[in-house]
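# Examining the three-dimensional arrangement
As a plain string of letters, each chain reads:
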Amino acid sequence: GQFYAGAPVCSPSRASLMTGRYPQRAQLAHNAGGNRGMPAEQLTMAEVFKASGYGTALFGKWHLGEALELSPNAQGFDEFLGHKVGCIDNYSHFFYWSGPNRHDLWKNTKEHFEDGEYFPNIMVREAKRFITENKDRPFFLYLPFNTPHYPLQAEQKFVKLYAKMKDIKRKRYASFVSSLDDKIGQVIATVDQLKLRKDTIIVFQSDHGHSVEVRTFGGGGSAGPYKGHKFTCWEGGLRVPAIISWPGRIPEGQVRDQVACSIDWLPTVAEYCKLPAIKTKIDGRSIIPVIESAKAPSPHEVLHWSSGGMWAVREGKWKLVSARAEGLFLSDMDADVTETKNLAKKFPDIVTHLKQLHQKWSKEVVKQ
């Protein structure tokens, strides 16, 4: 598949998912923190569903703003239990990564304490409760797991699964991913038990590529043939797993290779749920034709990314990346997904064209 996140880092990627906009248009091109977050006037997926009478909830990682007016309850969520910053220790629920250390678990607008409770289990508990309580009405549940984000705190039963694995990085990461799989399975089992599966659209997607930070032991994830990782605009930072399930309504067990992006989920799911047309300007496009047919064209002629001084633009088979070390790097994605053969000197006209597209986009996307 060729499915992309809206950004190679947490907050901008989540902003693009929630708004159907490029992070720059959603006014959050960098990680949220302190007073910085996604402005309250941005229209979120939760607000769109809430306006049509859906019950809305978020259990997990928000990371789009800490201030009251930027928090989930102010952005369309009836219920929130989770953390507002980038990650937390799964047992103490403290944010440790930069001082001062602080507790970061919230229930709606109030600080919430469940010391020692494994955070993914709290998420599952709340998800099961919410689904059960709302089984007779339409609901929108956003379940952004803190896993497999560091700290890599897998449950012991999953650590044992990989006891014989030699690579310590992979070992730690694999057991944590298995913990995540288990939690997702428990939530889906609840949907099945309540006989809601045929009435429930489930979307699974990663926010960006794997981390190679010291906090994740230098990286136990893998991007396969793709170059790069979290924080980069190479494929390894942006090309992510994405799954949509709606038994009896959309094809099952099939793979699509068309280019699509996380900005597309809002218009896609809104169309499937027959919600009114979204009035604000969005960058996403419905990918229903792509989901229905492997032959449908991609809804995007061009896609753009910009993060931390790097940027990338993709048009058809061509992808141009601007990186500090490599300069302008052109790849033919039909011929080589590894981004290891720079075609910039061979095709200068294409480089110029894509660079101009990016410059034009950069100016347009910050205008409200």
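So, here's what we can say about the structure. Treat the numbers as computed from the prediction; the structure is a model and nothing was measured. (Residues numbered from 1 in each chain as written. Predicted model: local features only at pLDDT ≥ 70, side-chain atom pairs only at ≥ 80, totals over all residues. Heavy atoms only, no water.)

Two modes of strand pairing occur in sheets, parallel and antiparallel, and in both the strands are linked by backbone hydrogen bonds. Spatially, four strands are ordered E12-E13-E14-E15 in an open sheet, and the strand pairing comes out antiparallel. The strands lining the two open edges of the sheet, one partner per strand, are strand E12 (302-307) and strand E15 (327-332). If you compare each strand with its neighbour and ignore which way they point, the axes differ by 10° on average. Here six bridges tie E12 to strand E13 (residues 310-315), and the two strands are oriented antiparallel to one another. Pairing of serine 307 across the sheet is with methionine 310, part of E13. Of the strands in this sheet, E12, E13, strand E14 (318-323) and E15 are in contact with helix H9 (residues 348-365), which crosses E12 at around 70°. (Pairing = 2+ DSSP bridges. Helix = DSSP H or I, 4+ residues; strand = E, 2+ residues; numbered from the N terminus. Axes fitted to C-alpha atoms, helices over the stretch in contact; angles between N-to-C directions. Contact = heavy atoms within 4.5 Å.)

What follows deals with the packing of aromatic side chains. With the rule as written, the count across this model stands at 16 aromatic pairs. Measuring from centroid to centroid gives 5.2 Å for tyrosine 22 and tryptophan 361, while their planes differ by 85°, and the two rings are edge-to-face. Linking tyrosine 22 in the loop between helix H1 (10-19) and helix H2 (45-51) with tryptophan 361 in helix H9, this pair joins segments that are 339 residues apart in sequence. In terms of burial, tyrosine 22 and tryptophan 361 fall into one category: buried. Relative to phenylalanine 77, the ring of tryptophan 62 has its centre 6.0 Å away and its plane inclined at 85°; by these criteria the two rings are edge-to-face. Taken together, the positions of tryptophan 62 in the loop between strand E2 (55-61) and strand E3 (79-83) and phenylalanine 77 in the loop between E2 and E3 put the pair 15 residues apart, joining distant regions of the chain. Members of the aromatic cluster, connected to one another through ring pairs, are Phe49, Tyr54, Trp62, Phe77, Phe140 and Tyr142. Positioned over the ring face of tryptophan 234 is lysine 227, at 3.7 Å from the centre of the ring. Positioned above the aromatic ring of phenylalanine 329 is the side chain of lysine 227, whose terminal nitrogen or guanidinium carbon lies 4.3 Å from the ring centre. (Phe/Tyr/Trp six-rings, centres within 6.5 Å; stacked < 30°, edge-to-face > 60°. Buried < 20%, exposed > 50% of the residue type's maximum accessible area, 1.4 Å probe, protein only. Lys NZ or Arg CZ within 6 Å of the ring centre and 35° of its normal.)

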